[in-house]
Amino acid sequence: MTRPSVDTLVRTSIAKMTLYASNREPCAIDLSDNTNPRGAPPSARAVVPQTNVDLFARYPSHYAADLKGAIAAHLGVGPDEIVTGCGSDDVLDSAIRAFANPGGALAYPDPTFAMVPYFARVNDLEPRPVPLLGPERGYDVDAEGLLAQRASITYVCSPNNPTGTRTSAAAMERLLAEAEGVVLLDEAYIEYAGDSLVRRAKSQGRLLVVRTFSKAFGLAGARVGYAVGAPELVAAVEKSRGPYKVTALAEQVTVAALKNDAAWVETGVRDVLSARERFVAFLAQRGIASLPSSANFVLVPVRDAAGQAKALRQRGVAVRPFPGLTGIGDAVRISIAPWELLEPALPAFEEVLSCA
Ligand code: PMP
């Protein structure tokens, strides 16, 4: 009997996919991934050297109970309204699996966070992109278009990656009122915008707000994310996600940061917002327009995203190229650092960036 080739053993949806990858080559000034350029929060520095390594001999708690308690206190919600995971990637993937059967659809604005259609495919859902409305509508989501998909899951990211734009309250209210399935609201960058819907999540019932410690909290390498929602939704995500997804060390570090580093986070956010204003003005003075950003990055439409990102890298500055974005065309996404960290990159931008 001939056995099938190994290729044919791979789940069909996964066999067709390309592995996610972005350029992680070290670079003098890395403005490519929207993490916190000030580094890890002070309490991470304190907790890690004091950690008893024997912690690693045992499993962590099943569902990160201490972390849930600390997040609940931070947000003013109940611990039963929180599910944690190995980064918000893991939470999104688990939620997508929890709220749709294979063959269902996931509607999302285009462009948005690239891992969302990826996780839809992994979970055998049909990704249904709905273009963002144009510049005259502030790149708002097309609520009508999203609702028309009648999808099991509707994903919205506000502020949106990679555009930096936010979803209007009117569009959000329509989605919450009329979506047939679950609404996943990704607030990865909410600390920079400040209009979170976490407090609405429980009473709303079908809204799950997904957040991360990878951005304003400076803990991308710890891999901790979470979602807030009604306890029944949260319980479904937790089942789909399974136990032990937050490591013992990551839990300790994140709990310490939540308890002690609020002021550090706030200062970082303030510094980024003022640097963003100066950076956008710097670009505008050179005739370079960027999309209106509510996040710690700006999206700049350019003539040749790959070429300009490469030229910037040769000058020691890493940005993220986005070739051919729907409705926008080529663009580079530039993370905003506090001004003293951003300023040394300005000559490279001056030399390289040119508009579409
Ligand atoms: N959501 C959005 C919108 C993001 O930009 C990112 C990271 N780039 C994530 C989720 C995932 O972040 P993490 O897994 O580090 O929490």
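Residues numbered from 1 in each chain as written. Predicted model: local features only at pLDDT ≥ 70, side-chain atom pairs only at ≥ 80, totals over all residues.

Visitor: Can you break down the nonpolar core residue by residue, with the values?
Guide: Ranked by internal contacts, the top residues of the largest apolar core, which has 106 residues, are A95, I96, L106, L184, L208 and A227. No other element matches the six residues that helix α10 (residues 248–260) contributes to this core. Each of domain 1 (22–40 + 263–352) and domain 2 (52–260) contributes no fewer than three residues to this core. (Core = buried A, V, L, I, M, F, W, Y, C linked by C-beta atoms within 7 Å. Buried ≥ 20, exposed ≤ 12 C-beta atoms within 10 Å, placed from the backbone. Helix = DSSP H or I, 4+ residues; strand = E, 2+ residues; numbered from the N terminus. Domains from an automatic or database assignment.)

Visitor: Break down α10 for me, with residues and values.
Guide: Three- or four-residue spacings in an α-helix give side chains the same orientation, since the helix completes a turn every 3.6 residues. Across its 13 residues, α10 extends 18 Å between first and last C-alpha, which sits within 8% of the 18 Å expected from 1.5 Å per residue. All of the buried residues in α10 are A250, E251, Q252, V253, T254, V255, A256, A257 and L258. Tucked inside the fold, the buried residues of α10 contact α2 (42–50), α3 (65–75) and β8 (224–228). (Expected span 1.5 Å × (residues − 1). Contact = placed C-beta atoms within 7 Å.)

Visitor: Any details on the site of the ligand? Residues and values, ideally.
Guide: Contacts to the ligand come from 13 residues, most closely from G87, S88, D89, T212 and S214. The leading source of residues in the shell around the ligand is helix α4 (residues 87–98), at three residues. The class makeup of the residues in the shell around the ligand is four nonpolar, seven polar and two charged. (Near = placed C-beta within 6 Å. Nonpolar A, V, L, I, M, F, W, Y, C, P; charged D, E, K, R; others polar.)

Visitor: Explain the UniProt feature "domain: Aminotransferase class I/classII large" (unreviewed entry) in the chain to me, using residue names and the numbers behind them.
Guide: Under the UniProt annotation, "domain: Aminotransferase class I/classII large" (unreviewed entry) lies at residues 29–337. With 39% helix and 19% strand, residues 29–337 has end C-alpha atoms that lie 10 Å from one another. (UniProt positions renumbered as here; feature names shortened; annotations may be inferred.)

Visitor: Provide a residue-level description of the sheet that holds strand β7 (residues 207–212), including the pertinent values.
Guide: What holds strands together in a sheet is hydrogen bonding between their backbones, with the strands either parallel or antiparallel. With respect to topology, seven strands assemble into an open sheet ordered β2-β8-β7-β6-β5-β3-β4, the strand pairing being mixed. The sheet terminates laterally at β2 (82–86) and β4 (126–131), the two strands that pair on one side only. Adjacent strand axes in the sheet meet at a mean angle of 25 degrees, parallel and antiparallel pairs treated alike. Sheet topology note: the strand β3 (residues 105–110)/β4 ladder contains six bridges and is parallel. The partner of D110 across the bridge, within β4, is P131. Sheet contacts for helix α9 (residues 231–241): β2, β6 (182–186), β7 and β8; angle to β2, the most-contacted strand, approximately 25 degrees. (Pairing = 2+ DSSP bridges. Axes fitted to C-alpha atoms, helices over the stretch in contact; angles between N-to-C directions.)

Visitor: Quick one: what's the story with the domain arrangement of the chain, residue by residue and with numbers?
Guide: Under the domain assignment, the chain is made up of domain 1 (22–40 + 263–352) and domain 2 (52–260). Relative placement of domain 1 and domain 2: their C-alpha centres are 25 Å apart. Across the contact, 25 residues belong to domain 1 and 24 residues belong to domain 2. At five residues, helix α11 (residues 262–285) tops the list of elements feeding residues into the side of domain 1 that touches domain 2. Counted by class, the side of domain 1 that touches domain 2 contains 13 nonpolar, ten polar and two charged residues.

Visitor: Help me get a handle on the environment of G87, residues and values and all.
Guide: Turning to its location among the elements, G87 is positioned in helix α4. Counting along the chain gives 21 residues from G87 to Y108, while the straight-line C-alpha distance between them is 20 Å. If sequence neighbours within four positions are ignored, G87 has contacts with T212, S214, R223, V224 and G225.

Visitor: Quick one: what's the story with the pairing of β7, residue by residue and with numbers?
Guide: For β7, the buried fraction is high: six of the six residues fall into the buried class. Of the two faces of β7, the one carrying L207, V209 and R211 and the one carrying L208, V210 and T212 are both buried. In this region the chain leaves β6, passes through helix α8 (residues 198–204) and returns to the parallel neighbour β7; the handedness of that crossover is right-handed. In this sheet, β8 lies alongside β7 in antiparallel orientation, the contact comprising four bridges. When the sheet's bridge partners are listed, V209 is paired in β8 with V228. (Right-handed = clockwise from strand over helix to strand, strands pointing away.)

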